[in-house]
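Coordinate inspection notes
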Amino acid sequence: MTDTPLNRAVFDQVMVPNYNPAACVPVRGEGSRVWDQEGREYIDFAGGIAVNVLGHNHPKLVGALTEQASKIWHLSNVYTNEPVLELGLKLTNLTFADRVFFCNSGAEANEAAFKLARKYAFDTVDEEKNEVISFQQSFHGRTLFTVSVGGQKKYREGFAPVPEGISHVPFNDIEALKEAISDKTCAVVMEPVQGEGGVIPADPAFVKAVRELCDQHNALLIFDEVQTGVGRTGSLYAYMDMGVTPDILTTAKSLGGGFPIGAMLTRKEIAGSLGIGTHGTTYGGNPLASAVANAVLDTVATPEVMAGVKSKESLFVQRLEDINKRFNVFRDIRSAGLLIGAELEEPWRGKGGAIIAKAREFGVMLLIAGPNVLRMTPSLVITEEEINLGMDRLEQTLEALISEAE
Ligand SMILES: *Cc1c(COP(=O)(O)O)cnc(C)c1O
């Protein structure tokens, strides 16, 4: 053990400065409550960015992890293992898919999806059919391919040359997609609700049109459900509520409930393009990660948890509307289950970061999605009491900020 006190200052001493974490250092969590080194308590509306789908320290997940920990941790894909086989069966039973590729993160799941889309077009049509269309403001991860497909330029600045054959069109704009798509398009990639881009749901008519245009041009439709998946929107995957089925779906974040895991789901005939040796990752389908994900799915994919998402969403939205009546801070409140965004009104625009920093002082953890949107992605089993307590604290935060400004 080191004698150096393990505080925020150490971060600046030893870490690459790509993050700017909060001053407090959390050490323990229980449900939707977290405590830091000083024993200060926080209500967790951030959920580790849509990851802690069953909160902290959930007994079923702790049980699954510790049980697997005493059996076998890792094998690599030179061998398969029981937890991953069970997880593959579960995901294919629960979704449109009949083939799964496992990896360790959302970016890796998307990387696999984009590579598969190109390879499938290469195998079934020709090498000219390689173009990928995605949407402005979209987010698909931080590898070079995924920042290139993502619709936020700032994430690829300075990293050129980036992969080619990618275009970005405005989200929810059918005409713009019609204009851009062609028989050279191998895939259209979308988030059913743009998460990092500001919590922006796809219009139902838009989703249908995207599917039709993909069919007309023999392009694959890829749904990036890394943020929306595993119950977040009130159905196991968001596509299930949209009357449209993708050809490839990526899932990560909530799938492991806090243990790193990602997956790409697809159909058998498409999956065939990733034959033996074409793609891979050492940890993909690791027994520990798979055991936890099995417990996550067993717990989340139940009518009680799904119904709870809708009632908790209503309470969140109600409380945000009440806050807005008092302070007039939000221009728009958007939600898709427990993926909730509150877009700031003048004179608060651009101040999302300052608001969530202040909220932390008042004991509530929130996120932003860009500088203008407060975002909440809590546990799906957060209690009413925890929601109300966190919302009281957000209200106190805004009260304090207003009186400071006066
Ligand atoms: C978070 C996110 C990713 C990237 O996932 P990582 O696990 O951080 O690589 C990709 N797509 C969407 C929609 C996300 O929200």
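This one's a predicted model, so the numbers in the text were calculated from it and none came from an experiment.

The next thing to look at is the nonpolar core. Of all hydrophobic cores here, the largest spans 77 residues; its most connected members are Phe 45, Met 190, Val 300, Phe 316 and Met 391. For this core, the element with the most residues is helix H11 (residues 303-327), which contributes eight residues. Once you skip the residues sitting within four places of it in the chain, Phe 45 turns out to touch Phe 316, Val 364, Met 365, Leu 366, Met 376, Thr 377, Pro 378, Ile 382, Glu 386, Ile 387, Gly 390 and Met 391. Listed in part, the 22 residues of the second largest apolar core include Ala 112, Ala 121, Val 149 and Ile 248.

Turning next to the site of the ligand. The environment of the ligand is made up of Ser 105, Gly 106, Ala 107, Asn 110, Phe 139, His 140, Gly 141, Glu 191, Asp 224, Val 226, Gln 227 and Lys 253. Within the contact set of the ligand, a nitrogen atom lies 2.7 Å away from a side-chain nitrogen or oxygen of Asp 224. Lys 253 is positioned such that a nitrogen or oxygen atom in its side chain is 2.6 Å from an oxygen atom of the ligand. Protein coverage of the free-state accessible area of the ligand, which is 380 Å², stands at 81%. With three residues, the top contributor of residues to the shell around the ligand is helix H5 (residues 106-124). Partitioning the shell around the ligand into residue classes produces three nonpolar, six polar and three charged.

Annotation from UniProt places "binding site: N(2)-acetyl-L-ornithine" (unreviewed entry) at Arg 142 and Thr 281. Along the polypeptide, Arg 142 turns up in the loop between strand E5 (131-135) and helix H6 (144-149). Exposure remark for Arg 142: the relative accessible area of 54% places this residue in the exposed category. Those residues in contact with Arg 142 that sit more than four places away from it in its chain are Ala 107, Val 147 and Tyr 155. As for its placement among the helices and strands, Thr 281 is situated in the loop between helix H9 (268-271) and helix H10 (287-300). A relative accessible area of 22% places Thr 281 in the partly exposed class. Apart from the residues lying within four places of it in its own chain, the contact partners of Thr 281 are Asn 77, Phe 101, Phe 102, Cys 103, Asn 104 and Glu 108.

Conventions and cut-offs
- Within each chain, residues carry numbers counting from 1 in the order of the written sequence.
- Local features are withheld for residues below a pLDDT of 70 in this predicted model, meaning they are given only at 70 or higher, and side-chain atom pairs are given and counted only at 80 or more; totals for whole chains, interfaces and linings count all residues.
- As a convention, hydrogens and water are excluded, and side-chain values are obtained from all of the structure's heavy atoms.
- Only buried Ala, Val, Leu, Ile, Met, Phe, Trp, Tyr and Cys residues count toward a nonpolar core, and they belong to the same one when joined by side-chain atoms within 4.5 Å.
- For the exposure calls, accessible area comes from a 1.4 Å probe over protein chains only, and a residue counts as buried if that area is under 20% of its type's maximum, exposed if over 50%, partly exposed in between.
- We count a stretch as a helix when DSSP gives it H or I for four or more residues in a row; a strand needs E for two or more, and each element gets its number in order from the N terminus.
- Contacts: residue pairs with any heavy atoms within 4.5 Å of one another.
- Each residue is tested against the molecule or strand, and it is near if at least one of its non-hydrogen atoms lies within 4 Å.
- Any N or O atom pair separated by 3.5 Å or less is treated as a polar contact, with the protein-specific requirement of one donor-capable and one acceptor-capable atom, and with residues adjacent in sequence counted only for side-chain atom pairs.
- The protein chains shown are the only cover counted for residues, whose accessible areas, like all others here, come from Shrake-Rupley with a 1.4 Å probe.
- Ten residue types, Ala, Val, Leu, Ile, Met, Phe, Trp, Tyr, Cys and Pro, are classed as nonpolar, four, Asp, Glu, Lys and Arg, as charged, and the remainder, Gly among them, as polar.
- UniProt positions are given in the numbering used here, feature names are shortened, and annotations may be inferred rather than shown by experiment.

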